[in-house]
Each structure stands twice: as structure tokens, then as C-alpha cells.
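Below are the chains, spelled out letter by letter.
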Amino acid sequence: MKLDIVTIFPEYFAPLDVSLLGKARRTGLLDVHVHDLRQWTHDRHRTVDDTPYGGGPGMVMKPEPWGEALDTIAPPGGPAPRLIVPTPSGRPFTQAMAAELAAEPWLLFACGRYEGIDSRVVDEARTRMPVDEVSLGDFVLAGGEVAVLVIVEAVGRLLPGVLGNADSVADDSFAPGAMESLLEGPVYTKPPVWRGRSVPDVLLSGHHGAIARWRRDEALRRTVRNRPELAARLDPATLDAHDRRV
Ligand code: 6GU
């Protein structure tokens, strides 16, 4: 998968050299290019922002550098990437969207700062590529960079060959399937007793059916406590189907 990222802070993306995604890059599964938006400015101060029409606080990113950036990275008439624009005004980012993006060959991320990018940039881009304005949740970040790191990690770990164990994806909280709207329950490893706290007996029982039911119950308990709105949507038949599967 090819990823292009346009930002005024390329240093933000150093973490993409580390861990799972770093390895995916080194093995060629991920082809990441980070671009400094200021290379598409032409004035002495390399200006990327200006005051908003209509007044109001803050600054807006100028359309010209963005237009040149998108034209250079994805020339009109050629193959088109899917353009992802992180913004608190976007559609909520979900695991389903991560899975959808993981199936794309080429993603282009446009990191806005300040009060956002002049809207004509996205309007024009939509005439020649699919565009998603995406939000991570109901809070405001200072810019799109950290959001792009989040999205790239969520998408990257779904690419075939990036995770060691494909099963760990299937069991994720929010993974599609029978456990779709259950959070993952608690996990344990050795030693069996630590600071006087024992691992639940059932996990040492070797009884796979009992272990699966216990995990399901714990997942349900955690979902009710932490995400009551998810628990309210659970379908009892789906939960029973999960019990029969194990
Ligand atoms: Cl995607 N961007 C910014 N700047 N703030 C956010 C966000 C994105 N999602 C939640 N807050």
C-alpha cells in the first residue's frame, strides 16, 4: 500500500519508522512518503495560512499550496488515490472504515492546521478522487498529524503480513463478526500468582468451552461498564451464536 502524507510538520511522522509499521516499511508492505507542504509555496516566508473571510479567530490554510501539492502527488488524468482529510468536522473513524481503507492501494493524507484548509481544496479534489473527511472523536486536536498517525496504525496493522498473528485481528474489539460490538475482556500471562493475585482458575482449566464462555461474560461485563450505549445494541442471538462457535 502506498501512503502520501502532506503536512507542515514532517517531523511528526518519525514514529512511522518504529515497531510494526517501521517493519512493514522496511519489508516493502508499506510505501510511505511524507511531504512538506511549504515546498509548494513561492514567497520568501513560505506562507501557508491567511485570515478567514467573514472574520473570526485563527487562520485558514491557503488553497494554492494544497492545490499544487495534490496536483504533484496525484497528477490529474492519472491514477487517483483516496484522499483522507482529518478534521473534527469529519465522519467518525471506525474499525469498519479502517478495514475499508486497508483494501485501498493508495491513500493520500492532507494534514490541516489552524482552523482548517480552504474548503475549495476538498471541493476541487472531489471532482477527481474519492475524499473522506474523518474525525477521531468528539475532541479537538491542534492539527491532523496525530490523527493521521492513528489512522495509519489502525489501517497498517490490518494489511496482510503486517501482524505476526492474523487471529489477533479477528478477536479485536470492534472487529466485524459475532463479537462485533463487544469490547475485549481482560488478559493474563505467567506467573499464575503475582502480588497475591491469581489468574482466574478457568483459564488454567484446559476447558476450551468454559474459557470461551468466561471470556464472553467478561467482555460483556466490560462493555456494559465502559460502553453502555454499545451494550444496549447487542443482539442476544449473536452472543449465543458466539457460544456455539467455540
Ligand atoms: Cl481527525 N483532527 C483534528 N484536528 N482534531 C480532531 C480530529 C481530527 N478528530 C478529533 N479531533
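To keep things clear, this report deals only with the structure shown in the data block. Every value quoted in this text rests on a predicted model; they were computed, and no experiment measured them.

**Considerations on unusual backbone geometry**
Line of reasoning, step 1. The residue after Lys-190, namely Pro-191, is reached through a cis peptide bond having omega 5°.
Line of reasoning, step 2. Take Pro-191: it is sitting in the loop between α6 (166-170) and β8 (193-194).
Line of reasoning, step 3. A positive phi angle, close to 65°, is found at Ser-19, a residue other than glycine.
Line of reasoning, step 4. Structurally, Ser-19 can be placed in helix α1 (residues 19-26).

**Comments concerning the side chain of Arg-113**
Line of reasoning, step 1. Along the chain, the position of Arg-113 falls in the loop between β6 (106-110) and α4 (120-125).
Line of reasoning, step 2. Exposure remark for Arg-113: the relative accessible area of 11% places this residue in the buried category.
Line of reasoning, step 3. Within the local environment of Arg-113, its side chain forms a polar contact with the side chain of Glu-145, the two groups lying 2.9 Å apart.
Line of reasoning, step 4. Setting aside chain neighbours within four positions, we find Arg-113 in contact with Ile-8, Phe-9, Tyr-12, Met-61, Ala-142, Gly-143 and Glu-145.

**A closer look at a nonpolar patch on the surface**
Line of reasoning, step 1. The grouping of Phe-9, Tyr-12, Phe-139, Leu-141, Val-146 and Val-150 at the surface amounts to a nonpolar patch, some 470 Å² of accessible area in total.
Line of reasoning, step 2. Residue position: Leu-141 is located in the loop between β7 (131-135) and α5 (145-156).
Line of reasoning, step 3. The exposure class assigned to Leu-141 is partly exposed, which follows from its relative accessible area of 36%.

Procedures and definitions
Residues numbered from 1 in each chain as written. Predicted model: local features only at pLDDT ≥ 70, side-chain atom pairs only at ≥ 80, totals over all residues. Heavy atoms only, no water. Helix = DSSP H or I, 4+ residues; strand = E, 2+ residues; numbered from the N terminus. Buried < 20%, exposed > 50% of the residue type's maximum accessible area, 1.4 Å probe, protein only. Polar contact = N/O pair within 3.5 Å; in protein donor to acceptor, adjacent residues only side chain to side chain. Contact = heavy atoms within 4.5 Å. Patch = residues over 30% accessible without salt bridge, like charges linked within 9 Å, V, L, I, M, F, W, Y side chains within 5 Å. Areas by Shrake-Rupley, 256 points an atom, 1.4 Å probe, with all protein chains shown as cover. Salt bridge = Lys/Arg side-chain N within 4 Å of Asp/Glu carboxyl O.

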